[in-house]
Amino acid sequence: MQISSMHFKARATQKLADPDLREALNGLKQRFVPGRAAVIAELDNFEEIREAAAEIRRRTLEHLDFFLETFERKATERGAVVHWAQTWQEANDIVLKIARDNGVRKAVKSKSMVSEECALNDALEGAGIEVVETDLGEYILQLGREPPSHIIAPVIHKTRDQVSDLFAEKHATPRKTDIGELTREARERLRPHFLQADMGITGANFVVAETGSTLIVTNEGNGRMATTLPRVHVAITGIEKVVPTLEDLATLLRLLPRSATGQSISNYVSVTTGTRGDDEIDGPQAFHIILLDAGRSRILASEFRDILRCIRCGACMNHCPVYQSVGGHAYGWVYPGPMGSVLTPNYIGLENALDLPHAATLCNQCGVVCPVKIPLPELLRKLREKQYERGLRPKRERAALRCWSFLAAHPRLYGWVTGAAARVLSWMGGDRKRIASLPFGRGWTEGRDLPAPEGETFRALYARRGAR
Amino acid sequence: MRVGLFVTCLVDLMRPRIGFAALSLLERAGCEVQVPGTQTCCGQPGYNSGDRAGARKLAEKLIAEFEPCDYVVVPSGSCAGMIRAHYPELFSGDPPWLARVERLAAKTYELTDFLVRIAKLDSVPGEYHGTVTYHDACSGLRELGVKAQPRAMLAKVKGLRITEMTEAQACCGFGGTFAVKFGDVSTRIVDVKCDGIAAVKADAVVLGDLGCMLNIEGRLRRRGDERTQVLHVAEVLAGAGRGSS
Ligand code: SF4
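Model, not experiment: these values are computed from the prediction.

Participant: Help me understand the domain arrangement of chain B, please; the structure alone is not making it clear to me.
Facilitator: Often, the extent of an interface is quoted as the loss of accessible area on bringing the components together. Residues and elements named next belong to chain B. Per the domain assignment, the segments making up chain B are domain 1 (2-117) and domain 2 (127-238). Here the C-alpha centroids of domain 1 and domain 2 sit 22 Å apart. On the domain 2 side, the residues contacting the 28 residues of domain 1 number 23 residues. Approximately 1900 Å² of surface area, both sides summed, lies buried where domain 1 meets domain 2, with 70% of it carried by carbon and sulfur atoms. On the surface where domain 1 and domain 2 come into contact, there are one salt bridge. Close ionic contact of R17 with E235 constitutes a salt bridge, the shortest N to O distance being 2.6 Å. The tally of links between domain 1 and domain 2 comes to seven residue pairs in polar contact (both at pLDDT 80 or more). At the level of secondary structure, the elements contributing two or more residues to the side of domain 1 that touches domain 2 comprise α1 (9-14), α2 (16-28), α5 (77-90) and α7 (111-117).

Shown next as structure tokens:
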């Protein structure tokens, strides 16, 4: 996926002006926020499960090499082939080689954000292989040639009307507005692809070390078709997705769909272990699992390790006031919202995503909903520190901060300056006691007034009171 | 008990009356209130902008100023949260300081939290004849667990009725420098908050943080709402607010 994370501010401004997006994002909030709250309320020990889940993820990352090797051994025993990819390019090359070796002409895909990182579809198409997205949301995006804007609900930025137009245009059928009919139309288009495809490509929400299995959580059943119908199944995921045991998996699954879509459990939880056995009637003849690093081991060794606990539920973005206002495309790369603002600078470089660590109010709504207790605001703050240290913030901002801390460290001077500021601003406020336009704070006054100060500082008044 | 009042830089500059309201409430609760004259800023702007060294310098200053007090009380959830939740992180890896920081953090309270849990103030002089709705500021709520406390205190105000808006706990979009850096995004967020306030038709929105106060008041007025008051909980409790009739 093309990277445009440098332009968050400009893109955010653009997105704010889009009324369709506003409607769509409002829909997301109305659905996912109360949905999550309701199913969380069903659990009487949610906080305990949350702590247990965080602990599973912490422990796994602590011994990541061990669990990955165990996984490789178990998966291999069951007939799968495990590949290690250091970079996105390597991952794509591995998929292309598998495709070539197996004479693959068509691939069906179920949703995978890791494949978005790699821009796998472009690589496949470049090699002359037809690739069809089969998750309804991803299918719509592929028709419209757009990137996803959410990790769980990739097409959340579109309204139903926009989808109706798109289908009518691309399918050359009469325009439909009923969601059921639209879905049926997509399904009819997809069915032959499933039957013709030589390769099924999926992600993996988790891979299980104990059994060598990969697992996907879906709601549409397309994932299950992609893993069973084609001759070759390729599952691609990040190295951080390993969980030690099925028992651990069960704990994480109590939280994932609840946090993501507000479901106690998703419609499908598909665990795939090995290739088709002699006595089995379905499943692929070849099963390849690609485990991607692409920056993860570097993050593991850094102070940003906590972000690798992420189970990609999307709760942080669903609850983020910034995401709710501008949507996912403003963030400019695969992962949006708070988790994206931590991941993107770590993956593509801090200097390529300057706005993202600052594109948050640090309200910590993300931190309190995260099912694996990732301290997202803290990680954003750490990124800000890195930017400051590396001189990646504007000179004016640095000067202002230095000025402030100098001033605040010198109370007499501080009292004098703030006293003067209080008087000037109060005078500027006039009778209405508010300032409509500030030359040095336009970001503030473009959308709101600045209530004027009372006129004298507390310290001045208090000192006078003491003197009486 | 000797209580140090940290009025915060925004109250000092913008709304001294909130500082005096807090002072009078603490005195009413029987505290011996000390207001260190050299106090300035807790270091939050630097801390949240990546200037760790600058933040640390101001934190050291504040710690020295308030260390002798039995308690430190702050009429702001975000500044109290800075001391309680973030100072220990700021000094992690520096054991001699860390011990001092942890002692200070443990005795630092947001104003209403202190009045309810420590001072157990059972009556307040404030009167407010009207309906108010309470906005939960982010740090107070999610870092310090301040939610029931301001409501419990407001319930003691004669004539005051509380009505809850939807999403009282949602961020108002202030976020410190965020409001200036991403002014338009911030404005969209505060608009949602203003819609929530408008929907309950309260006479005032009451809150416990200056940042949110300036943000919400500024946006309400820009939207043309001249009626809804925006009040700090301290002024309502102390009766220093403008009061509705
Ligand atoms: S950071 Fe937490 S809340 Fe956000 S997607 Fe990851 S697991 Fe979910």
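Participant: Quick question: what am I supposed to make of unusual backbone geometry here?
Facilitator: Most peptide bonds are trans, and most residues other than glycine sit at a negative phi. Phi is positive for N364(A), which is not a glycine, with a value near 65°. Note that N364(A) resides in the loop between α16 (337-348) and α17 (365-369). Of note in this structure, E167(B) is not a glycine but carries a positive phi near 55°. By the element assignment, E167(B) lies in the loop between β6 (158-162) and α10 (178-181).

Participant: Sorry, what's going on with the site of the ligand here?
Facilitator: Residues and elements named next belong to chain A. C310, C313, G314, C316 and C370 are the nearest of the 13 residues found near the ligand. Using a 2 Å cut-off from the grid points, one finds that the ligand occupies the second largest cavity. Of the residues belonging to the shell around the ligand, the class tally is eleven nonpolar, one polar and one charged.

Participant: Would you mind showing me how to read the domain arrangement of chain A here?
Facilitator: Residue and element names in this part refer to chain A. Domains assigned within chain A are domain 1 (5-297), domain 2 (313-389) and domain 3 (396-467). Between the C-alpha centres of domain 1 and domain 2 the distance comes to 21 Å. On the domain 2 side, the residues contacting the 42 residues of domain 1 number 39 residues. Of the roughly 3400 Å² buried at the junction of domain 1 and domain 2 (both faces included), carbon and sulfur atoms supply 62%. Area buried by domain 1 at its contact with domain 2 is led by S5, F8 and R50, which between them contribute 22% of it. Across the domain 1-domain 2 interface, the total number found is one salt bridge. With a closest N to O distance of 2.7 Å, E51 and K373 form a salt bridge.

Participant: Before we go on, may I ask you to explain helix α18 (residues 376-389) of chain A in this structure?
Facilitator: Residues and elements named next belong to chain A. The end-to-end C-alpha distance of α18 is 20 Å, a good match for the 20 Å that 14 residues give at a rise of 1.5 Å each. Burial analysis of α18 places ten of its 14 residues in the buried class, which makes it a mostly covered element. Of all the residues in α18, the buried ones are L376, P377, L379, L380, R381, L383, R384, E385, Q387 and Y388. Backbone geometry just downstream of α18 places G391 in the positive-phi region, at approximately 65°.

Participant: Help me understand the packing of aromatic side chains, please; the structure alone is not making it clear to me.
Facilitator: In this description, a pair of aromatic rings is defined by centroid distance and the angle of the planes. Residues and elements named next belong to chain A. According to the stated counting rule, one finds 20 aromatic pairs over all chains in the structure shown. Residues F458 and Y462 carry aromatic rings whose centres are separated by 5.6 Å and whose planes lie at 15° to one another, so their mutual orientation is stacked. In this pair, F458 and Y462 are both assigned in helix α22 (residues 458-467), four residues apart and thus about one turn of the helix distant. A relative accessible area of 2% means that F458 is categorised as buried. Given the relative accessible area of 24%, Y462 is considered partly exposed.

Participant: For this particular structure, what's the right way to read the packing of α16(A) against α18(A)?
Facilitator: The axes of two packed helices give the description: the angle between them and the distance between them. All names here are of chain A. Relative to each other, α16 and α18 sit at 35°, their axes nearing to 9 Å. Our pair here, α16 against α18, has a crossing hand that is left-handed. Where α16 approaches α18, its residues P338, M339, S341, V342, P345 and N346 are matched on the opposing element by L376, L379, L380 and L383. Broken down by class, the residue content of the contact of α16 with α18 amounts to eight nonpolar, two polar and no charged.

Participant: How should a negative patch on the surface be read in this particular structure?
Facilitator: Residue and element names in this part refer to chain A. On the surface, a cluster of negative charge is contributed by D278, D279, E280 and D282. Looking at the secondary structure, you find D282 in the loop between β9 (268-272) and β10 (286-292). Classification of D282 as partly exposed rests on a relative accessible area of 44%.

Participant: Looking at this structure, how should I read the interface of chain A and chain B?
Facilitator: Between chain A and chain B, the contact holds 58 residues from the first and 60 residues from the second. The contact between chain A and chain B buries some 5500 Å² in all, and 59% of this surface belongs to carbon and sulfur atoms. By the criterion of area lost to chain B, the three top residues of chain A are R448(A), E454(A) and F458(A), representing 14% of everything that side buries. Taken together, the links from chain A to chain B amount to seven salt bridges. Note that E385(A) and R52(B) form a salt bridge whose closest N and O atoms lie 2.9 Å from each other. Scanning the region where chain A abuts chain B turns up 30 residue pairs in polar contact (both at pLDDT 80 or more). Split into classes, the residues belonging to the side of chain A that touches chain B amount to 28 nonpolar, twelve polar and 18 charged.

Participant: Hey, could you run me through empty space enclosed by the protein in this one?
Facilitator: In this approach a probe as big as a water molecule rolls over the atoms, and the regions it shows empty are the leftover space. Residue and element names in this part refer to chain A. Counting across every chain of the model gives five cavities of 30 Å³ or more. Estimated volume of the largest cavity: approximately 120 Å³. Surrounding the largest cavity, 17 residues form its lining, C320, P338, A360, C366 and L380 being those nearest its centre. Going through the elements one at a time, α16, α17 and α18 are the ones with two or more residues in the lining of the largest cavity.

Rules of the game
Residues numbered from 1 in each chain as written. Chains lettered and ligands numbered in written order. Predicted model: local features only at pLDDT ≥ 70, side-chain atom pairs only at ≥ 80, totals over all residues. Heavy atoms only, no water. Domains from an automatic or database assignment. Contact = heavy atoms within 4.5 Å. Buried area = accessible area lost by both parts, 1.4 Å probe. Salt bridge = Lys/Arg side-chain N within 4 Å of Asp/Glu carboxyl O. Polar contact = N/O pair within 3.5 Å; in protein donor to acceptor, adjacent residues only side chain to side chain. Helix = DSSP H or I, 4+ residues; strand = E, 2+ residues; numbered from the N terminus. Near = heavy atom within 4 Å. 1 Å grid on protein atoms, 1.4 Å probe; cavity = no way out; pocket = protein on both sides within 12 Å on 5 of 7 lines; lining within 4 Å. Sits in = over half its atoms within 2 Å of the grid points. Nonpolar A, V, L, I, M, F, W, Y, C, P; charged D, E, K, R; others polar. Expected span 1.5 Å × (residues − 1). Buried < 20%, exposed > 50% of the residue type's maximum accessible area, 1.4 Å probe, protein only. Phe/Tyr/Trp six-rings, centres within 6.5 Å; stacked < 30°, edge-to-face > 60°. Axes fitted to C-alpha atoms, helices over the stretch in contact; angles between N-to-C directions. Left-handed = near helix turned anticlockwise from the far one by under 90°. Patch = residues over 30% accessible without salt bridge, like charges linked within 9 Å, V, L, I, M, F, W, Y side chains within 5 Å. Areas by Shrake-Rupley, 256 points an atom, 1.4 Å probe, with all protein chains shown as cover. Lys, Arg positive; Asp, Glu negative; His and termini not counted. Charge placed at Lys NZ, Arg CZ, Asp CG, Glu CD. Points joined across faces, edges and corners; volume = space filled by probe spheres on them.

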